[in-house]
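Single-letter residue listing:
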Amino acid sequence: MPIADRVAVRLRVNGEEVAVMVPPYKTLLEVLREDLGLTGTKHGCELGECSTCGVLVDGRPYLSCLAMPLDLEGREITTVEGMADGSEPDPLQVAFAELGAAQCGYCTPAMLLTARALLDHDPHPTRDAIKEALSGVLCRCTGYLKIFEAVELAASRGRRHG
Amino acid sequence: MLPAPFEYHAAKSMDEALGLLDTLGEDAKILAGGQSLIPLLKLRFASPAHLVDINGIKELDFIEEGDGTLRIGPLFRHKAAERSSLLASRYHVMADAAPQIADPIIRNRGTIAGSVAHADPSGDWGTVLLALDAELVLRSKSGSRTVKARDFFSGPFSTVLEPTEVLSEIRIPAARPQTGGAYLKLERKVGDFATVAVAVHLQMDGGKVGSAGIGLTAVGPQNIKAEQAEAALRGARLDDATIKEAAALAADAAEPKADHRGSVEYKRNVVRVFTERGLKRAYERARGGG
């Protein structure tokens, strides 16, 4: 077994260029959490079953636990830390808080980001479209209903900047 | 949870990837979507010393139809298949299968060719390719060869792909008029592997079946081509008796094992029921309906 050297990776995360030296076998999930301190993205099953580690790459949901950082150079990565605009939360974050759509909160970052990707693509989704888009993200607390309602509430309020 | 250490190579061209495989042999694995390979690495079921990432080779992401063949490249992803109007209009079995692969997030990244090369007996695309009578182009530095999908799988997670080869293209006979297909999948929840799934592809010839393809998922050590059922349909009128006979033959071809998803009898019966339904749906579509 070779001892892999650390390699330089340049990423664009939440609108900022960052460079880190990491072993090439670390997945994006570990690099985000351990090297960039962005702990909003959660470890879950590690195997593509739960989607708790979901982030956006060029606006589409990806599993950070199954993504290699070197493969994502030059792409736009968004984590939950990048959703708020300064001190102003994303409308989805507001709606989740208002409706109690987060209980333990563990799946919430991935739910918010996946919902953001949906609303960017389809600003007024049907309940079925919401269910389909979020179907990979497992929540063991809420029974999903409040999450669906929160996405609908955010959709009804429209985009933050009109 | 980290994979065992490996060296990472971002290939910029197919030639570069093939050269690396030629040099590194069994120490290297190709990384496409990574939705099956990276879990295997993390579980330490595989620990290649080198990973050859082909995601940077943009020209490998293609689907094109011409000269009687539909060609699919190694980076064509599930999501692209799901959104393809070409597949929706003429390759129904593929269009049916695509949105049933794993969940929407996995589909953003995973590839058809990667799934086929991974050769999970519960994988869906191998079954679809068996029904479509597809060919696979296996390329190495020293040349390329073409094998039928039915000769590609050699057991659970095993294929005839050599360590120096890449699955470089999937070739499917182009759909002609009077073609219909369907993919029926039973899963316990969204994103689960199939309990049972059945792929059906029909080429009608006037009022009779010109050719039929039937593939079975998750009911044996590899994806199964139900060849006796296919033979029973060839040249036949697709009446209820013929459909029932073919469905019974497909059920006979299944080799399910009992597990937490169901008993042997249950799975075999689902194969029978899904083959019947699949044939009816495919026939409907071949006649221009549904």
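Residues numbered from 1 in each chain as written. Chains lettered and ligands numbered in written order. Predicted model: local features only at pLDDT ≥ 70, side-chain atom pairs only at ≥ 80, totals over all residues.

1. Focus: the overall build of chain A
Inference 1: Within chain A one finds 5 helices and 5 strands.
Inference 2: Secondary structure elements of chain A, listed N to C terminal, follow the sequence β-β-α-β-β-β-α-α-α-α.
Inference 3: Here the C-alpha radius of gyration of chain A, 16 Å, is about what a compact globule of 162 residues would show, namely 15 Å.
Inference 4: When the 162 residues of chain A are sorted by exposure, 49% land in the buried category.
Inference 5: A separation of at least 24 residues holds for 59% of the contacts in chain A among residues at least 6 apart in sequence. (Helix = DSSP H or I, 4+ residues; strand = E, 2+ residues; numbered from the N terminus. Rg over C-alpha atoms; globule rule 2.2 N^0.38 Å. Buried ≥ 20, exposed ≤ 12 C-beta atoms within 10 Å, placed from the backbone. Contact = placed C-beta atoms within 7 Å.)

2. Considerations on the overall build of chain B
Inference 1: Along its length, chain B carries 12 helices and 14 strands.
Inference 2: For the C-alpha atoms alone, the extent of chain B along its principal axes is close to 60 × 45 × 30 Å.
Inference 3: Relative to its 290 residues, chain B shows a buried fraction of 53%.

3. Quick notes on helix α5 (residues 145-157) of chain A
Residue and element names in this part refer to chain A.
Inference 1: In this model, α5 (13 residues) spans 19 Å end to end at C-alpha, consistent with the 18 Å of a helix rising 1.5 Å per residue.
Inference 2: Listing the buried residues of α5 in full gives Ile147, Phe148, Ala150, Val151, Ala154 and Ala155. One side of α5 holds all its buried residues, which, seen down the axis, span an arc of 160°. In α5, the exposed residues that point more than 90 degrees away from the buried face are Leu145, Ser156 and Arg157.
Inference 3: Backbone geometry just downstream of α5 places glycine 158 in the positive-phi region, at approximately 80°. (Expected span 1.5 Å × (residues − 1). Arc of directions from axis to C-beta.)

4. Quick look at unusual backbone geometry
Inference 1: Positioned with a positive phi, glutamate 46 of chain A is a non-glycine residue whose angle comes to about 75°.
Inference 2: Of note, glutamate 46 of chain A is situated in the loop between α1 (28-35) and β3 (54-57).
Inference 3: The phi angle at alanine 102 of chain B is positive, at roughly 40°, despite the residue not being glycine.
Inference 4: Position of alanine 102 of chain B relative to the elements: it lies in the loop between α5 (92-97) and α6 (104-107).
Inference 5: Note on alanine 102 of chain B: 23 C-beta atoms within 10 Å, which makes it buried.

5. Structural notes on the sheet that holds strand β2 (residues 28-31) of chain B
Residues and elements named next belong to chain B.
Inference 1: Strands sit in the order β1-β3-β2 across an open sheet of 3 strands; the sheet is parallel. With one partner strand each, in any of the chains shown, β1 (7-10) and β2 form the two edges of the open sheet. Pairs of neighbouring strands in the sheet enclose a mean axial angle of 25°, with direction left out of account.
Inference 2: One ladder, built from 4 bridges, connects β2 with strand β3 (residues 50-53); its direction is parallel. The partner of leucine 31 across the bridge, within β3, is aspartate 53. (Pairing = 2+ DSSP bridges. Axes fitted to C-alpha atoms, helices over the stretch in contact; angles between N-to-C directions.)

6. A few points about the domain arrangement of chain B
All names here are of chain B.
Inference 1: Domain parsing of chain B yields domain 1 (7-53), domain 2 (62-173) and domain 3 (179-286).
Inference 2: Placing a centre on the C-alpha atoms of domain 1 and another on those of domain 2 gives a separation of 19 Å.
Inference 3: Among the elements that take part in the side of domain 1 that touches domain 2, helix α1 (residues 14-24) stands out by supplying 6 residues, more than any other.
Inference 4: Residue composition of the side of domain 1 that touches domain 2, grouped by class: 6 nonpolar, 6 polar and 2 charged. (Domains from an automatic or database assignment. Nonpolar A, V, L, I, M, F, W, Y, C, P; charged D, E, K, R; others polar.)

7. Observations concerning the sheet that holds strand β13 (residues 208-217) of chain B
All names here are of chain B.
Inference 1: Ordered in space as β11-β12-β13-β14, the 4 strands form an open sheet in which the pairing is antiparallel. Edge positions in the open sheet fall to β11 (179-186) and β14 (224-225), since each of these has one partner strand only.
Inference 2: Taken together, the 9 bridges between strand β12 (residues 196-205) and β13 define a ladder with antiparallel strand orientation. In the strand pairing of β13, alanine 197 is matched with threonine 217.

8. So, the interface of chain A and chain B
Inference 1: In this complex, chain A contributes 28 residues to the contact, which on the side of chain B involves 26 residues.
Inference 2: Those elements giving two or more residues to the side of chain A that touches chain B turn out to be β4 (60-63) and α4 (127-134) of chain A.
Inference 3: Looking at the side of chain A that touches chain B element by element, the count peaks at 4 residues for β4 of chain A.
Inference 4: Of the residues assigned to the side of chain A that touches chain B, the class counts are 15 nonpolar, 7 polar and 6 charged.

9. Thoughts on the nonpolar core
Inference 1: Counting 144 residues, the largest nonpolar core has Val93, Val128, Val200, Ala250 and Val271 of chain B as its most contacted members.
Inference 2: At 8 residues, the largest contribution of residues to this core is made by helix α3 (residues 108-121) of chain A. (Core = buried A, V, L, I, M, F, W, Y, C linked by C-beta atoms within 7 Å.)

10. Here we look at the environment of alanine 119 of chain B
Residues and elements named next belong to chain B.
Inference 1: As for its placement among the helices and strands, alanine 119 is situated in the loop between α7 (112-118) and α8 (125-132).
Inference 2: Since 21 C-beta atoms lie within 10 Å of it, alanine 119 is described here as buried.
Inference 3: Residues alanine 119 and valine 166, 47 residues apart in the sequence, show an inter-C-alpha distance of 14 Å.
Inference 4: With near-sequence residues (within four places) excluded, alanine 119 lies in contact with Gly126, Phe153, Phe157, Ser158, Thr159 and Gln222.

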